[in-house]
Amino acid sequence: MEPVPTVAPRRSSLLRWLPLVPLLWARLALGALPFAGSPHGVFADLWSEPRLLEVEDLTLSLMRGGALGPLSLPPDLPDLDPECREMLLDFANSSAELTGCLVRSARPVRLCQTCYPLFQLVAGKMNNISRAVGNTSESQSCARSLLMADRMQIVVVLSEFFNTTWQEANCANCLTNNSEELSNTTVSFLNLFNQTLTCFESNLQGSTHSLLPPKNYSEVCKSCREKYKNLSSLYSEMQKMNELENKAEPGTHLCIDVEDAMNITRKLWSRTFNCSVPCSDTVPVIAVSVFILFLPVVFYLSSFLHSEQKKRKLILPKRLKSSTSFAHIQENSN
């Protein structure tokens, strides 16, 4: 007795070739498939490997609309050249790395300083896909296949998402040399920020970490005041420089990493530790304020004294006025 073929491959082959049953019957009617006379012989011949290969050749031939010939896929099927597929896989891998970096750096915000190499890599992969290198037909076909072949345009949508996120984060404000490295001011700010946080942590080592009772953070305020002032001053300078460089674009921000770092530091300093930085210009400010407040009083007082002095000069005494009139009458009578 011959060994029975395995069931799983035959069932998968049956499901695979089930839509081709009408084609098989058409070939059977034409005598192209010489089956045996008995039903068992028909099915045995039908499931044989050569017959399946012949059916496959027939199907491809009918799809091409011609006679049997060498096997080749129709040119309009959505297949990619090896070069295009390699570019697509490169873009997919770099996009996955950039997406992971953005999510991991979301809180606290560190995406500009952490993910800028990956962003540059994704931008380079997208340029390789979109531009026609040497204006060759292959590169143009690759760009059409990957960017404009369907309604969804997944590659384009993903690239636009990365660009929009990068622009809204204003990461270019933290970078220099065509966004290839962090600027010197950004590096200095991040170093001061790390030093300030280290100062906070080192002065909190001896305190309890219970949030219920009120704390006395006077030691933190005293020890870290200078570092906090230096960090705040540098942040103000960066804001002024940004306003000068972007006069035509009001409302521009620093990069999100710097803004988030400063917000964290200010919340810790003001709300958590309840610290304050005394202003060194308090006395001059008070003196100028008092002087400005007294200016109206001085003005009105001087005006009043000046008007009284004029009245004294203009009004003559009554006795002098009567004597002069009497002398005038006597002269007229004479």
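Residues numbered from 1 in each chain as written. Predicted model: local features only at pLDDT ≥ 70, side-chain atom pairs only at ≥ 80, totals over all residues. Heavy atoms only, no water.

## Considerations on helix α8 (residues 154–168)
Compared with the 21 Å implied by 1.5 Å per residue over 15 residues, the 21 Å span of α8 between its first and last C-alpha is a close match. For α8, every residue scored as buried is listed here: Val 155, Val 156, Ser 159, Phe 162 and Trp 166. Viewed end-on, α8 has its buried residues packed into an arc of 130°, placing them on one side of the element. Exposed side of α8, more than 90 degrees from the buried face: Ile 154 and Glu 168 are the residues found there. Two residues or fewer past α8, Asn 170 is found with a positive phi of approximately 55°. (Helix = DSSP H or I, 4+ residues; strand = E, 2+ residues; numbered from the N terminus. Expected span 1.5 Å × (residues − 1). Buried < 20%, exposed > 50% of the residue type's maximum accessible area, 1.4 Å probe, protein only. Arc of directions from axis to C-beta.)

## A look at helix α12 (residues 256–272)
Taking 1.5 Å per residue as the helical rise, α12 with its 17 residues ought to reach 24 Å, and the 22 Å between its terminal C-alpha atoms agrees with that figure. Restricting attention to buried positions, one finds in α12 the residues Asp 257, Val 258, Glu 259, Asp 260, Ala 261, Met 262, Thr 265 and Trp 269. Elements in contact with the buried residues of α12: α6 (111–130), α9 (184–203), α10 (218–223) and α11 (225–245). One or two steps after α12, the chain reaches Asn 274, where phi turns positive at roughly 55°. (Contact = heavy atoms within 4.5 Å.)

## Side note on the environment of Arg 85
Mapped onto the elements of the fold, Arg 85 is located in helix α5 (residues 82–104). Exposure remark for Arg 85: the relative accessible area of 40% places this residue in the partly exposed category. C-alpha of Arg 85 to C-alpha of Cys 142: the two residues are 57 residues apart in sequence and 8.8 Å apart in space.

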